[in-house]
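Listed below are the residues making up each chain.
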Amino acid sequence: MLIGVPKEIKNHEYRVGLTPAAVKEFVTFSHEVWVETNAGSAIGFTDEEYIAAGAKIIADAPTIFASADMIVKVKEPQENECLMLRKGQTLYTYLHLAPDPKQTKLLVESGATCIAYETVTDIKNGLPLLAPMSEVAGRMAVQAGAHYLEKAHGGSGTLLGGVPGVAPGKVLIIGGGVVGTNSAKMALGLGADVTILDRSLPRLRELDDIFDGRLKTVFSTVDAIEYYSSKADLVIGAVLIPGAAAPKLLSHEHIKNMKEGSVVVDVAIDQGGCFETSKATTHQDPVYTVDGVVHYCVANMPGGVARTSTMALNNATLPFGLALANKGPKQAMLDNPHLLNGLNVYQGRVTYKAVTDALGKTLNLEYMDAKTALETL
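Residues numbered from 1 in each chain as written. Predicted model: local features only at pLDDT ≥ 70, side-chain atom pairs only at ≥ 80, totals over all residues. Heavy atoms only, no water.

**Q** Explanation requested: the overall build of the chain in the structure shown.
**A** From N to C terminus, the chain includes 15 helices and 15 strands. Its C-alpha atoms give the chain a radius of gyration of 21 Å, within 12% of the compact-globule value 21 Å for 377 residues. Judged by the C-alpha coordinates and their principal axes, the chain covers about 65 × 45 × 35 Å. Looking at the chain as a whole, 55% of its 377 residues qualify as buried. (Helix = DSSP H or I, 4+ residues; strand = E, 2+ residues; numbered from the N terminus. Rg over C-alpha atoms; globule rule 2.2 N^0.38 Å. Buried < 20%, exposed > 50% of the residue type's maximum accessible area, 1.4 Å probe, protein only.)

**Q** How should I be thinking about the sheet that holds strand S7 (residues 170-174) in this particular structure?
**A** Strands belonging to one sheet form pairs held by backbone hydrogen bonds; the direction of such a pair is parallel or antiparallel. Strand order across the open sheet formed by seven strands is S9-S8-S7-S10-S11-S13-S12, with mixed pairing between neighbours. Every interior strand has two partners, whereas the edge strands, strand S9 (216-219) and strand S12 (287-290), have only one. Between one strand axis and the next, the sheet turns by 20° as a mean value, whatever way the strands run. Sheet analysis places S7 next to strand S10 (residues 234-237), joined by four bridges and oriented parallel. Of the residues in S10, the one forming a bridge with Ile173 is Ile236. Packed on one face of the sheet, helix H8 (residues 201-210) meets strand S8 (193-198) and S9 and runs near 175° to S9. (Pairing = 2+ DSSP bridges. Axes fitted to C-alpha atoms, helices over the stretch in contact; angles between N-to-C directions. Contact = heavy atoms within 4.5 Å.)

**Q** I would appreciate a short explanation of helix H14 (residues 353-363) in the present structure.
**A** Considered for burial, the residues of H14 that qualify are Ala354, Val355, Thr356, Leu359 and Gly360. Buried residues along H14 sit in contact with helix H5 (101-110), strand S14 (343-346) and strand S15 (349-350). Two residues or fewer after H14 comes Asn364, characterised by a positive phi angle close to 55°.

**Q** Help me out: how do you make sense of unusual backbone geometry in this one?
**A** Backbone geometry follows two general trends: most residues other than glycine have a negative phi, and most peptide bonds adopt the trans configuration. One non-glycine residue, Asn38, lies in positive phi territory at about 65°. Position of Asn38 relative to the elements: it lies in the loop between strand S2 (32-36) and helix H2 (47-53). Within the chain, Gln347 stands out as a residue other than glycine whose phi angle is a positive 45°. Of note, Gln347 is situated in the loop between S14 and S15. Given the relative accessible area of 30%, Gln347 is considered partly exposed.

**Q** Could you clarify how one ought to interpret the side chain of Gln103 in this entry?
**A** Structurally, Gln103 is set in helix H5. At 3.1 Å, the side chain of Gln103 forms a polar contact with the backbone oxygen of Leu95. Beyond its immediate stretch of four places on either side in the chain, Gln103 contacts Glu76, Pro77, Cys82, Leu95, His96 and Leu97. (Polar contact = N/O pair within 3.5 Å; in protein donor to acceptor, adjacent residues only side chain to side chain.)

**Q** Mind showing me how you'd approach the packing of H5 against H14 here?
**A** Angle between the axes and distance between the axes are the two parameters that describe a pair of packed helices. For the pair H5 and H14, the least separation of the axes is 11 Å and the interaxial angle reads 85°. In terms of orientation, H5 and H14 fall into the roughly perpendicular class. Here Pro101, Thr104 and Lys105 of H5 come into contact with H14, specifically with Val355, Leu359 and Leu363. Counted by class, the contact of H5 with H14 contains four nonpolar, one polar and one charged residues. (Parallel < 35°, antiparallel > 145°, perpendicular 65-115°, else oblique. Nonpolar A, V, L, I, M, F, W, Y, C, P; charged D, E, K, R; others polar.)

**Q** I keep staring at the packing of aromatic side chains and nothing clicks. Help me out?
**A** Remark: the centre distance and the inter-plane angle together describe each pair of aromatic rings, the angle taken between the planes. Under the defined criterion, the tally for this structure stands at four aromatic pairs. For the pair Tyr92 and Tyr117, a centre-to-centre distance of 4.7 Å together with 90° between the ring planes defines the contact as edge-to-face. Separated by 25 residues along the polypeptide, Tyr92 in strand S5 (residues 90-93) and Tyr117 in the loop between strand S6 (113-116) and helix H6 (131-148) bring together distant segments of the chain. Both residues of the pair, Tyr92 and Tyr117, belong to the buried class. Seen from their ring centres, Tyr94 and Tyr117 are 4.9 Å apart, and the 85° between their planes marks the pair as edge-to-face. With Tyr94 in the loop between S5 and H5 and Tyr117 in the loop between S6 and H6, the pair connects residues that are 23 residues apart, well separated along the chain. For Tyr94, a relative accessible area of 3% corresponds to the buried category. Given a relative accessible area of 0%, Tyr117 falls into the buried group. (Phe/Tyr/Trp six-rings, centres within 6.5 Å; stacked < 30°, edge-to-face > 60°.)

**Q** Looking at this model, I keep getting lost on the packing of H6 against helix H11 (residues 306-327). Mind explaining?
**A** Relative orientation of the contacting elements H6 and H11 amounts to 155°, with a least axis distance of 8 Å. By the angle between their directions, the pair H6 and H11 is classed as roughly antiparallel. Counting all contacts with H6, which are made through Pro132, Met133 and Val136, the residues of H11 involved are Ser309, Ala312, Leu313 and Ala316. Residue composition of the contact of H6 with H11, grouped by class: six nonpolar, one polar and no charged.

**Q** Just to check I follow, could you spell out a nonpolar patch on the surface for this structure?
**A** Together, Leu159, Val163 and Val166 line one region of the surface with nonpolar side chains, adding up to about 280 Å² of accessible area. Among the structural elements, Leu159 can be located in the loop between H6 and S7. (Patch = residues over 30% accessible without salt bridge, like charges linked within 9 Å, V, L, I, M, F, W, Y side chains within 5 Å. Areas by Shrake-Rupley, 256 points an atom, 1.4 Å probe, with all protein chains shown as cover. Salt bridge = Lys/Arg side-chain N within 4 Å of Asp/Glu carboxyl O.)

**Q** Honestly, the environment of Glu276 in this entry has me stumped. Any pointers?
**A** Inspection of the secondary structure puts Glu276 in the loop between strand S11 (263-266) and S12. Remark: the alpha-carbon pair of Glu276 and Leu250, spanning 26 residues in sequence, is separated by 6.1 Å. When near neighbours in sequence (up to four residues on either side) are disregarded, Glu276 contacts Lys248, Leu250, Ser251 and His252.

**Q** Explain H11 to me, please; I cannot follow it from the model alone.
**A** Every α-helical turn comprises 3.6 residues, leaving residues that sit three or four positions apart pointing alike. Its 22 residues give H11 an end-to-end C-alpha distance of 30 Å, which sits within 8% of 32 Å, the value for a rise of 1.5 Å per residue. Of the residues flanking the end of H11, it is Gly328, one or two places downstream, whose phi is positive at about 90°. (Expected span 1.5 Å × (residues − 1).)

Limitation: the analysis is restricted to geometry and does not speak to function.
Quick look at the structure:
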């Protein structure tokens, strides 16, 4: 199989679909890998390293898209990339389709096989290809929040850890999954006063055990969100419904009731955001203010630490990518139900129900079960 790795073109996105080490794995299995020139140079992966690993360096993305059997990326394809996809070609990357009708329409029209990292599952019903970026984003959320709490950056001038004689800042984390857990680790490490909300009592018990009672665990209700957000210096939105648009848990009214100069970080922004006042921002222009509250809603947060993120992501995506290349996409997905869960679009049909639920009426889409699509189309 010919594997193509174009350079990412989203604003301040420096991650790359395959590291040189990952390229070497594909080449070992007799696959050919084409990498766009300087695709990884911004994070220290030079063209020379890719050549040494067995890749061929290609001058431009259109050449890669025109020839590759499988395109491996990090972020969702931008409009011009969608237009270069074709029937019979496989796209393997993050997609986040539910809040993005334009991309969904273009991918459906392309006829390509589109596999989303964020909906591939594992035996424990986890999301193994999303988890490493959730770990990164959860940790970054606290760093970003602490930074924008500084007065010079629009915040209240609060130090999350406090100092002897001055109480620490209060951090509210909404959601106790991978993002929430990693946010809690960082916030506690800084010495903050941390509260985490979740609607799963078993998960709250686990978090209480994991952190040995060092944070407050609270069952998530509208009342709890209203109360704790009004007291918080930093609120981190860490909720996820796999493949679906994020629920709006923090309303505009909640924002109005927050303290002047407090900060909210919406890690769910890739899925549309979990705050009513959220809108996607970039690393170039990461924040805006609503009713005195600083909003950080960068849609590719892990791209800010692109080298760490790329290596962590490749560790997770490589085994599935090799299966797609070694067996062919259709057989690989039929053999592995967890990889099959990653199939979002196939030959012009949407095969992930949460996407159809979100966009079916807008785009006049009909859902087709992924296994049925593979076996009949």
